[in-house]
Amino acid sequence: MDSEYEIRIRRENKKGIEGTKVDVILKNKHDHSHDHTHSHTHRNLKDIEDIINSSSLNENVKKLSIDMFIKIAQAEAKVHGKSLYEVHFHEVGAVDSIVDIVGAAICIDYLKVDKIMASHVQVGGGFVNCAHGLIPVPAPATVEILKGIPIKSGLVPFETTTPTGAAILAVNVDEFTDEMNFTIEKIGYGIGSRDLKIPNVLRVYIARENEKKTEYDLHNKQYILETNIDDMNPEIYSYIEKKLFDKGALDVFRTPIIMKKGRMAVKLSVLVNEKDIKAIQEVIFRETTSIGIRKYEVEKIMLERDFSKVSTNYGEVTVKNSYYKGERIKSKPEYEDCRRLAEENNVPIGEIYREVYKKIEGVSNDK
Ligand SMILES: O=C([S-])c1cc(C(=O)S)c[n+]([C@@H]2O[C@H](COP(=O)(O)O)[C@@H](O)[C@H]2O)c1
Ligand code: NI
């Protein structure tokens, strides 16, 4: 393949924005001008896998490249009603597309980032001329590849995302979001060919994700699963409580209630994150006599907190500190540590608490 192409890299300017323009020059053929009406060699997925696998590229680059080609082949197969290896790539099988995809894989492998994020995908609009004739934008293969990914259309009446671009995103992006919650370290611009009313550039950041200890986390939404029980052996509540905690319950509590017909009963309430709802429901239905659960979303408003260690004459105790508007307003010894030290030293547990509070400066107890 070496003899078939050349890569030209230079600085170029689009609507005042300077960036890097990369052209794949096909020797003895046409350039990467995206006039896709002409025909190229028709390769199928197997041919492309063979080319990539017999190269000296590293294993990660090979894998990423083949994953992207599979993504495109799957889309083409679906659109044209063919099997995966039956699909013959047209434009996509051409050398310039192999260079585009393998080039993207090399860049991603080289950057060694922990996570790739992208905004919604702008697909453009209008019609495009290809091997099938005139087809609408976004092209059928593009939309197939972008299933499940947020897209927008119509910013310009041209194709702004091709099947190749869509596959690069679909295979490599870990999270699609328009929220930019990161600190930028480097910015790069890739320059496109066409002149549009908007700068035809692709912007990439290298950034550090901001710590997510935001208002959002402090006002984290959770759920209460709740059931009234009037016919269960009370001995087994503590067993069930342990199971609920093991399955991810954030809190479990019981309230004595009086139900209809004056029946003494217990309301079992379980605080849970969304991801653990199913597992908690399973425990309640399998282990209790309940045949129905109430579920409602709750919003918790939490103070920021951290932990510190306090040394006493009896040993070390962990203390939980809580902060309001940046100021520490509460500090509380961890019960389990105090219990352990009371037992080990054979002193009243209150003595341990008093010792700890003496050491916590500036903060009164029992808040
Ligand atoms: O040639 C084929 S089979 C072809 C199919 C499709 C479908 O959506 S199906 C789309 N296109 C268009 O060709 C160009 C080239 O895309 P690259 O990904 O190779 O850059 C693009 O305009 C596609 O929409 C071709
Ligand atoms: Ni096609």
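Rules of the game
- Residues numbered from 1 in each chain as written.
- Chains lettered and ligands numbered in written order.
- Predicted model: local features only at pLDDT ≥ 70, side-chain atom pairs only at ≥ 80, totals over all residues.
- Heavy atoms only, no water.
- Helix = DSSP H or I, 4+ residues; strand = E, 2+ residues; numbered from the N terminus.
- Buried < 20%, exposed > 50% of the residue type's maximum accessible area, 1.4 Å probe, protein only.
- pLDDT = per-residue confidence, 0-100.
- Contact = heavy atoms within 4.5 Å.
- Axes fitted to C-alpha atoms, helices over the stretch in contact; angles between N-to-C directions.
- Parallel < 35°, antiparallel > 145°, perpendicular 65-115°, else oblique.
- Left-handed = near helix turned anticlockwise from the far one by under 90°.
- Nonpolar A, V, L, I, M, F, W, Y, C, P; charged D, E, K, R; others polar.

Colleague: Now, about unusual backbone geometry: what can you tell me, with residues and values included?
Modeller: Most peptide bonds take the trans form, and the phi angle of most residues other than glycine is negative. Between Val137 and the following residue, Pro138, the backbone shows a cis peptide bond with an omega angle of 0 degrees. Tracing the chain through its elements places Pro138 in the loop between strand S8 (133-136) and helix H4 (140-145). With a phi angle near 50 degrees, Lys15 is a residue other than glycine that sits in the positive phi range. On the accessibility criterion, Lys15 (55% relative accessible area) is exposed.

Colleague: Could you give me a rundown of the confidence of the model for the chain, with the residues and numbers involved?
Modeller: Should pLDDT be low for a region, the predicted coordinates there are not to be read in detail. Looking at the chain as a whole, its pLDDT mean stands at 89, while 90% of the residues score no less than 70. In the model, residues 30-40 has pLDDT below 50 throughout and makes 13 contacts with residues more than four positions away in sequence or in other chains. Contacts for the low-pLDDT stretch residues 363-367, under 50 throughout, to residues beyond four places or in other chains number eight contacts. Complex prediction metrics read pTM 0.61 and ipTM 0.96.

Colleague: A description of the packing of helix H2 (residues 59-80) against helix H3 (residues 95-111) should follow, citing residues and the corresponding values.
Modeller: Running from amino to carboxyl end, H2 crosses H3 at an angle of 135 degrees, the nearest separation of the two axes being 9 Å. With respect to H3, the axis of H2 lies oblique. As for how H2 packs across H3, the hand of that crossing is right-handed. Note on element contacts: H3 touches H2 through Ser97, Ile98, Ile101, Val102, Ala105, Ile106, Ile108 and Asp109, opposite Asn60, Val61, Leu64, Ser65, Met68, Phe69 and Ile72. Within the contact of H2 with H3, the residues separate by chemical class into 11 nonpolar, three polar and one charged.

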